[in-house]
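Geometric and topological summary
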Amino acid sequence: MKKNLSRSLVLCCVAILCSACAPGEEAGSGEDRAPEPAAASALEIAEDVAERRDRFAPTTLEADLSALSEEDREVLGELVEAARLLDEIFLRQVWVGNPDLRARLDEYEGPRAEPAREYFRINFGPWDRLEEMEPFIGEMPHPEGAGYYPVDMSKEEFETWIEEHPEDEEPFTSLTTVIRRTEEGDLTAVPYSEEYRQWLEPAAERLRAAAELTSHETLSRFLRTRAEAFGTDDYYESDLAWMELASPVEVTIGPYEVYEDGLFGYKAAFEAFLTVDVPEESARLDRYKDQLPWLERNLPIPAEHKNLDRGSESPIRVVDLVFTGGDTKAGVQTIAFNLPNDERVREEKGSKKVLLRNIIRAKYDQILEPIAERVLVEEQRDQLSFEAFFSEVLHHELSHGLGPGKITKDGRETEVRLELEELYSTIEEAKADVMGIYDILALIEKGEMSEELLTTLPPTYLAGLFRSARFGVHEAHGQGVIAQFNYLKEKGALEVTEEGLYRIVREEFPGAIREIVHDLVMLEALGDYEGTALFLEEYGKPSPELLAAIDRLEEVPVDIDPVYPQAEKLAPTE
């Protein structure tokens, strides 16, 4: 739901939503500050908020901690406290008025109070991430720039400012600044280390305390350098240290993904994954990193667009999740990730792929299998397999490290992310989906993966598309999924029966996957913003038959709502 609102209308909407916010700390500076509070009885909450909340199934997650020493457990306890602080930062990155609205909700005793509080917690704000960010509290439209920019700032104002002040381009487009207004109403860039100092400084203290506790040198180095980065906004050295991390405790913490920035995709959100390594599983998959140079050469695009010089160290970790903080908690839960996003690090060292084993298993059992029962033809729903799902997740993440990153456009050095702006996340997620399937098929043909996947992979992939489509058709992954449905159907690789059930057409499937990989990767290779917009316009709209199939999934949870009992036991007692 993207709208270009005038400044007066935006500020009016903010006032409507926040007029009863409880007194509290400043949410921003200048005109980014939340309005003063009023009575706490005027909250307008969607009547179906309880039903919305029930789409997320409470799920207790346990990690295998049996191999951890007492030292490792103490380290994890310090990191839990650091991760909790990132919740507070990300709440403000979603919208500067969120802390005041949360305080108001905490005091609210009117109708639907408890499910509203719960759904606010799940979404990190009053906008429903499964319903194109429509408000379920109040009427304020979701600000495209989230909490990173003034709510009344348009893309045009930002771009005009940079044209008139070229010296501001680097700080304004930085991953680690927010844009605020001065008292005179001008735009200015504020570093994260300044904007979020109240939480970053104590988080850094927790990281340093954990670094003192651990005897694992690579973990200590990462924690020390990351703590320093919280104060300098320079994450390069600590990203390199994270790539070399080899410890039973596998921690990821800092500003990473740019999905929340709907204006430009420039600004990184804070998040944390606290996990423990599953070494036997990691070792089983580690051989795939040796295939990355071959997979890059095998991409179905002209040689001049292949990224043959990118680092291929690319460690793969299979882990159990112990606790999360910040961005990754919001809405749909992450099952795997591929980081860092800094192209300098990727060029030098590649990227690390981390698969969250206990999350993947929970989603397969609670969501993927029930989806297949309702929307796939009978003979294909019986061919679903966890191994195929796990392989998809792995190769989706590997694919984020393949294809164009740094590119040359119009004679200048740039990055795909910067050229595609807010469309980048959508097209990159779709690329990783289909390239992951393309690569698995290639590795099967090469003899590197089991031929059993030829049977189980296509229907498992199809059920997975339905799982992702339910995240919201305009969410970064969701809209890219709709494009895959429509593209594959157009190419004859997907068909729908008279009963509305879906079937993969096996003889057409490999060719269609190859074609869509080519089309998406070339959009990135050329930094083609207009072409990407046209692709999403043509393929990114759900058909009536697809919406009808999704409606049949109403009784299946959309996602899980994790509960982390082990984290509570690990947290240090003060």
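Summary statistics for the protein chain give a mean pLDDT of 91 and a share of 91% for residues scoring 70 or more. Across residues 1-16, where pLDDT falls below 50, the model places 26 contacts with residues more than four positions away in sequence or in other chains. This stretch, residues 33-40, has a pLDDT under 50; its non-local contacts, to residues over four places away or in other chains, come to 25 contacts.

The next thing to look at is the nonpolar core. Counting residues in hydrophobic clusters, the biggest one holds 184 residues, and the most contacted among them are Phe 466 and Phe 485. For Phe 466, the residues in contact, after removing those within four places along its chain, are Ile 371, Val 375, Phe 485, Tyr 502, Leu 546, Ala 549, Ile 550 and Leu 553.

It is worth spelling out the layout of surface pockets at this point. Looking at the second largest pocket, its volume works out to about 1100 Å³. In the lining of the second largest pocket, the residues fall into 13 nonpolar, five polar and 15 charged.

What follows covers helix 15 (residues 357-375). Taking 1.5 Å per residue as the helical rise, helix 15 with its 19 residues ought to reach 27 Å, and the 26 Å between its terminal C-alpha atoms agrees with that figure. When the local axis directions of helix 15 are compared, the greatest deviation, roughly 40 degrees, occurs at Tyr 364. Inspection of helix 15 places Asn 358, Ile 359, Ile 360, Ala 362, Lys 363, Tyr 364, Ile 367, Leu 368, Pro 370, Ile 371, Ala 372 and Val 375 among the buried residues, and these make up the whole buried set.

Turning our attention to the pairing of strand 7 (residues 270-277). In terms of burial, strand 7 is largely enclosed, as seven of its eight residues are buried. Where strand 6 (residues 249-255) lies against strand 7, seven bridges are found, and the strand directions are antiparallel. Bridge pairing links Gly 254 to Glu 271 in strand 7. By the bridge criterion, seven bridges tie strand 7 to strand 8 (residues 316-326) in an arrangement that is antiparallel. Bridge pairing in strand 8 places Leu 274 opposite Phe 323.

Our next topic: a negative patch on the surface. A contiguous patch of negative charge on the surface is contributed by Glu 156, Glu 159, Glu 163 and Glu 164. Inspection of the secondary structure puts Glu 156 in helix 6 (residues 155-164). By relative accessible area, Glu 156 is classed as partly exposed at 48%.

Here is what the cut-offs are and how they apply
- Residues numbered from 1 in each chain as written.
- Predicted model: local features only at pLDDT ≥ 70, side-chain atom pairs only at ≥ 80, totals over all residues.
- Heavy atoms only, no water.
- pLDDT = per-residue confidence, 0-100.
- Contact = heavy atoms within 4.5 Å.
- Core = buried A, V, L, I, M, F, W, Y, C linked by side-chain atoms within 4.5 Å.
- Buried < 20%, exposed > 50% of the residue type's maximum accessible area, 1.4 Å probe, protein only.
- 1 Å grid on protein atoms, 1.4 Å probe; cavity = no way out; pocket = protein on both sides within 12 Å on 5 of 7 lines; lining within 4 Å.
- Points joined across faces, edges and corners; volume = space filled by probe spheres on them.
- Nonpolar A, V, L, I, M, F, W, Y, C, P; charged D, E, K, R; others polar.
- Helix = DSSP H or I, 4+ residues; strand = E, 2+ residues; numbered from the N terminus.
- Expected span 1.5 Å × (residues − 1).
- Bend = angle between axes of the 7 residues up to and from the residue.
- Pairing = 2+ DSSP bridges.
- Patch = residues over 30% accessible without salt bridge, like charges linked within 9 Å, V, L, I, M, F, W, Y side chains within 5 Å.
- Areas by Shrake-Rupley, 256 points an atom, 1.4 Å probe, with all protein chains shown as cover.
- Salt bridge = Lys/Arg side-chain N within 4 Å of Asp/Glu carboxyl O.
- Lys, Arg positive; Asp, Glu negative; His and termini not counted.
- Charge placed at Lys NZ, Arg CZ, Asp CG, Glu CD.

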